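Structural characterization, general
Residues per chain are reported as follows:
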Amino acid sequence: MRRVGVLALQGDVPEHRRALEGVVPARDVKFVRSEADLGAVDALFLPGGESTTIARLLEATGIWRALRHRLAEGFPVLATCAGLILLSRTLEPSPSGRDPPTLGVLDVRVRRNDYGRQRESFEAPVRVEGLRGAEYPGVFIRAPRILEVGAGAEPFAFRGTEIVGVRAGPVWGLTFHPELSGDPRLHHAFLEAVWGQKPAKPQRSKTTVPTTKATPRARAQR
Ligand code: GLN
């Protein structure tokens, strides 16, 4: 039995759990708050939130170092927004000068908050390679912008001509929030791709995935 972790230090944590409960049995979804928790999961979701806060807590808990080791061994991670910032190779210095350290495993250069402030957050359709059906409802909240993609990363999600998602093997990074859209296709596609088979179906079909829009609480946390 394989377990899915959600890094649960700050940010969109319950939202990712809810989205995952539409994809795998609830008992297989674990919150990761320590090195030991990280060792007990077979894939990890890095939520959106505040990247400087998440980085500080990752270091304080020792998860940073452990995650770096696991990433070097091919550990699957799907990172959204602040999570993408933390995985990026290069961070363009932000005007505030307050930028987190990064793990450097996704070959992209990004700039934080590049679409503007909280009130400039928006929703827009995203074309995701390999997803069947309608375009994916992208929720962008104080999102980073991908300025450059290096040879080590493959763009696979686009808003118009702009790249909003990249992957490098089992490491996927998105500037938008699939956990806030009510559409489980990306969580499902990620686990299917990295585990090489369809994830186990939840036992009950009833899910509590929010239907649209970020909750006020989720929006307020950034
Ligand atoms: N603006 C946040 C940061 O720089 C990221 C926003 C998000 O995760 N929605 O960390």
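Residues numbered from 1 in each chain as written. Predicted model: local features only at pLDDT ≥ 70, side-chain atom pairs only at ≥ 80, totals over all residues.

1. With respect to the site of the ligand
Put simply, the rule is: We call a residue near a molecule or strand when its C-beta atom, built from the backbone, sits within 6 Å of it. Classification convention: Asp, Glu, Lys, Arg as charged; Ala, Val, Leu, Ile, Met, Phe, Trp, Tyr, Cys, Pro as nonpolar; all other residues, Gly among them, as polar.
Close contacts around the ligand come from 12 residues, with Gly-48, Ser-51, Cys-81, Ala-82 and Arg-142 the closest. Residue composition of the shell around the ligand, by class: 4 nonpolar, 4 polar and 4 charged.

2. Topic: the sheet that holds strand β7 (residues 122-128)
Definition in use: At least two DSSP bridges between two strands are required for those strands to pair. Elements are defined by DSSP. Helices are runs of H or I of four residues or more, strands are runs of E of two residues or more, and each kind is numbered from the N terminus. Here an angle of 0 to 180 degrees is reported between the N-to-C directions of two axes, which are lines fitted to C-alpha atoms, with helices fitted over the stretch in contact. Residues are treated as contacting if the C-beta atoms built from their backbones sit within 7 Å of each other.
Pairing within the open sheet is mixed, and its 9 strands lie in the order β2-β1-β3-β4-β12-β11-β10-β7-β8. At either end of the open sheet lies a strand with only one pairing partner, and these are β2 (29-32) and β8 (136-140). Between one strand axis and the next, the sheet turns by 25 degrees as a mean value, whatever way the strands run. The sheet contacts of helix α6 (residues 185-195) involve β1 (4-7), β4 (77-80), β7, β8 and β12 (171-174), and relative to β8 the element is tilted by about 100 degrees.

3. Some remarks on the nonpolar core
To be explicit about the condition: Working definition: the nonpolar core is a set of buried Ala, Val, Leu, Ile, Met, Phe, Trp, Tyr and Cys residues, joined through C-beta atoms within 7 Å. Any residue whose C-beta has 12 or fewer other C-beta atoms within 10 Å is treated as exposed, any with 20 or more as buried, and any in between as partly exposed, C-beta atoms being built from the backbone.
Counting 58 residues, the largest nonpolar core has Val-77, Ala-79, Leu-86 and Leu-87 as its most contacted members. Here Ala-79 is in contact with Leu-46, Leu-84, Leu-86, Leu-87, Trp-172 and Gly-173, once residues within four sequence places are set aside.

4. Here we look at the sheet that holds strand β6 (residues 106-111)
Where strands meet in a sheet, backbone hydrogen bonds hold them as pairs that are either parallel or antiparallel. The sheet built from 3 strands is open, its strands ordered β5-β6-β9 with mixed pairing. Two strands bound the open sheet, and with one partner strand each, they are β5 (88-91) and β9 (145-149). Each neighbouring strand pair of the sheet contributes to a mean axis angle of 35 degrees, computed without reference to strand direction. The sheet contact formed by β6 and β9 spans 4 bridges and is antiparallel. Bridge pairing in β9 places Val-110 opposite Ile-146.

None of the figures reported here should be taken as evidence of function without further support.
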